[in-house]
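# Coordinate inspection notes
Below, each chain spelled out in residue letters.
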Amino acid sequence: MRVAIACLALMVLVVACGDGAVIDDSASSPTPEMMAAALVELVTVDHTFGSGPSPFIEYLIQERIDPSAGAPTASTDETTRPLTDSERGAIEDALSPFGAVRWIADPADYRTDDLVPTIEGAAILGVGEPILDNESGLVPVSMWCGGVCGTWLTYRLDFISDVWAVTGIEGPIAVS
């Protein structure tokens, strides 16, 4: 009888909360800070232009999870989710000191026939779905800056001194 009452109470709760509203629990999730730290590492360290500062003045960031982040040959046919407001806010806050930030729906709309970004001085950034493992995680990222200018890799991040920090690269690295 107790099980039946518990099940009934759970059903009532689900129906009462099921008004079509989406609960965004990303405020309590570490993924926004992880994504932001990974993209900062990409544009400040692994931008492929040597040890100096990034040559880009604007970052065109895909507003959905990039299915090919981390691997340029990954399938792009899969359905992906939009980045949450928390993820977008953390990314924008982290990248804005390095250049203008613009959110884009389709990266193809921002590439010429020669595969160069249509905005001079810009790079197209993508971030994949983070994978969490306690105090550690993986975040795939991508940067596209032309037909022979691109980077795809996956960062390992660890939670150190109350912040997510890139501690290495896992898996293959692709550079064009």
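Presented here is an overview of the structure given in this document. (Residues numbered from 1 in each chain as written. Predicted model: local features only at pLDDT ≥ 70, side-chain atom pairs only at ≥ 80, totals over all residues. Heavy atoms only, no water.)

### Focus on the packing of aromatic side chains
Applied cut-off: What counts as a ring pair is set by centres within 6.5 Å for rings of Phe, Tyr and Trp (its six-membered ring), and what kind of pair is set by the plane angle: stacked under 30 degrees, edge-to-face over 60, tilted for all other angles. Burial classes follow relative accessibility: with a 1.4 Å probe on protein chains only, a residue under 20% of its type's maximum area counts as buried, one over 50% as exposed, and anything between as partly exposed. Note on geometry: a ring has a charge over it if NZ (lysine) or CZ (arginine) is within 6 Å of the ring centre and within 35 degrees of the ring normal.
Enumeration according to the criterion identifies four aromatic pairs in this entry. Seen in terms of ring centroids, Phe 56 and Tyr 59 are 6.4 Å apart; in terms of plane orientation they differ by 70°. Their pairing is edge-to-face. Judged by its relative accessible area of 0%, Tyr 59 is buried. Taking the centre distance of 5.2 Å and the plane angle of 55° together, the rings of Phe 159 and Trp 164 count as tilted. A relative accessible area of 34% places Phe 159 in the partly exposed class. For Trp 164, a relative accessible area of 12% corresponds to the buried category. Through a chain of ring-to-ring contacts, the aromatic side chains of Phe 49, Phe 56 and Tyr 59 assemble into a single cluster. Across from the ring centre of Trp 103, 4.5 Å away, lies the NZ or CZ of Arg 88, which sits over that ring.

### Quick word on the pattern of salt bridges
Our working rule: Salt bridge criterion: a side-chain nitrogen from Lys or Arg within 4 Å of a carboxyl oxygen from Asp or Glu. Counting from the N terminus, the helices are the DSSP runs of H or I reaching at least four residues and the strands are the DSSP runs of E reaching at least two.
Applying the stated criterion to the full structure yields four salt bridges. Close ionic contact of Arg 81 with Glu 87 constitutes a salt bridge, the shortest N to O distance being 2.8 Å. On the accessibility criterion, Arg 81 (27% relative accessible area) is partly exposed. A relative accessible area of 2% means that Glu 87 is categorised as buried. A salt bridge links Glu 129 to Arg 81, with the nearest nitrogen and oxygen atoms 2.8 Å apart. Here Glu 129 is found in the loop between strand 3 (122-127) and strand 4 (131-133), whereas its partner Arg 81 is found in the loop between strand 1 (58-62) and helix 3 (85-95), with 48 residues between them in sequence. Among the charged side chains, a network of salt bridges with common partners joins Arg 81, Glu 87 and Glu 129.

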